[in-house]
Amino acid sequence: RFHHTSTSHWCRCSKTVSDEKYQDPFQLGKKDLKNLYEDIKKELLVSAAELKEMCDYYFDGKGKAFRPMIVVLMARACNIHHNNSKEVQASQRSVAIIAEMIHTASLVHDDVIDDANSRRGKRTLNQIWGERKAVLAGDFILSAASVALARIGNTTIISVLTQVIEDLVRGEFLQLGSKENENERFAHYLEKTFKKTASLIANSCKAVSILGCPDPKVHEIAYQYGKNVGIAFQLIDDVLDFTACADHLGKPTAADLKLGLATGPVLFACRQFPEMNAMIMRRFSKPGDVERAWKYVLQSDGVQQTTYLAQRYCHAATREIRKLRPSPEREALVHLTEMVLMRDK
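Position numbers for residues count from 1 along each chain, tracking the sequence in the order it is written. Where totals are concerned, whole chains, interfaces and linings use all residues; where local detail is concerned, this predicted model gives features only for residues with pLDDT of at least 70, and gives and counts side-chain atom pairs only at 80 or more. Only hydrogens and water are set aside; all other atoms, that is, all heavy atoms of the structure, feed into the side-chain values.

Using only the protein atoms, space was sampled on a 1 Å grid; points where a 1.4 Å probe fits but cannot get out form cavities, open sets with protein on both sides within 12 Å along at least five of seven lines form pockets, and lining residues are those with an atom within 4 Å of a point. Grid points are joined across faces, edges and corners, and a volume is the space filled by probe spheres set on the points. The full count for this structure, using the stated rule, is one cavity of 30 Å³ or more. Quantified by volume, the largest cavity comes out at close to 190 Å³. In terms of lining residues, the largest cavity is bounded by 16 residues, among which G177, S178, H188, L261 and A262 are the most central. Runs of E in the DSSP output that reach at least two residues are strands. Runs of H or I that reach at least four are helices, and both are numbered from the N terminus. For the lining of the largest cavity, the secondary structure elements donating two or more residues are α9 (155–176) and α10 (182–212). Sort the elements by how many residues they give to the lining of the largest cavity and α10 lands first, with four residues. When its residues are assigned to classes, the lining of the largest cavity shows six nonpolar, six polar and four charged. Charged means Asp, Glu, Lys or Arg here, nonpolar means Ala, Val, Leu, Ile, Met, Phe, Trp, Tyr, Cys or Pro, and polar covers whatever is left, Gly included.

Right, dumping it as structure tokens:
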């Protein structure tokens, strides 16, 4: 389905937002994200020095806070749509904090499962403190997020955000499995991508829309925007595993192949090089498999097709968010879809 997207269409995407409407999402969200990491550390108050050090390790204020930024922009866009309120409610900001905590806990656990040694350009928790303590630190961050979630005192919001935690676990199980049939394999990959990456963004956006607006149509718009942006974000992540240098990415390249994972570029490449099927089924476990698969991907249009697919998801996200009343935040969320496509790390 994705083989016939025109190149000219791809090149136009940076022009979607006109100069006078251009809104930098990070600048616009900055006010609501001030002291974000300090507030997260307050949620993680703990007396044990080692556990505190581990919990603070990734909350060092050097991250882009991509997920909280989407959440506060969506909160403002929905509030303006509903009653022209330009302020983010305290409960909506709490959702942004909780989203970042859940995300970070999932990274800690992912690194243990993958036996990863670097993340965001520095050593992983499991490399420094060992697997057992890293698992417990991830659990602790997740439990602190759950306490913060309960404090919001809204059962609907609790239900929406606990779905994220369930999806993260189910997504990890999907990643551990594989499918023989080519079409099933792609559906499996996209479902895993939704559960592991997009569910958090989709449900966090939905949660702040519920807190800011009673209209179920708006809740669905927020959810669909988050879902589509989240899937696109991960598709580009999978592309960067083949195209970015390790230093720039902050983690080793070809990491997914080394873990035995067939991501979008590999699945598209397999359509041109069917001999990759056997490698995918044995999860690139034979000597030379990773190197051969890498070459096949770069000889194919797998990277390009995965990028086109990400573009389609971003277009879907833009269509959704444009259903809200015009606002600087809405335009920033539109521009964010372009930033997702253009990012290089």
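A side chain with one charge may pair with a side chain of the opposite charge, provided their charged atoms come close. The working definition used for a salt bridge is a side-chain nitrogen of Lys or Arg within 4 Å of a carboxyl oxygen of Asp or Glu. On inspection of all chains with the given rule, the structure shows 19 salt bridges. R151 is paired through a salt bridge with E43; the nearest N and O atoms lie 3.1 Å apart. Of this pair, R151 sits in helix α8 (residues 131–152) while E43 is found in helix α3 (residues 36–43), placing the two residues 108 residues apart along the sequence. Only protein chains enter the calculation, and the probe is 1.4 Å; a residue is then buried if its accessible area is under 20% of its type maximum, exposed if over 50%, and partly exposed in between. Note on R151: relative accessible area 55%, which makes it exposed. The exposure class of E43 is partly exposed, given its relative accessible area of 23%. The shortest N-O distance in the salt bridge between E166 and R170 comes to 2.8 Å. Taken as a pair, E166 and R170 lie in helix α9 at a separation of four residues, close to a single helical turn. Owing to a relative accessible area of 37%, E166 belongs among the partly exposed residues under this scheme. Each of D32, R76 and E329 takes part in salt bridges that share partners, so that together they form one network.

So, about α10. Each helix should span, by expectation, one fewer than its residue count multiplied by 1.5 Å. Here α10 is 31 residues long and its end C-alpha atoms lie 42 Å apart, about the 45 Å a rise of 1.5 Å per residue gives. Maximum bend of α10: about 60°, positioned at A198. With 25 of 31 residues buried, α10 lies mostly within the body of the structure. In this analysis the local bend is the angle between axes fitted, respectively, to the seven residues ending at and the seven residues starting at the residue.

Coordinates in, geometry out; function isn't part of it.
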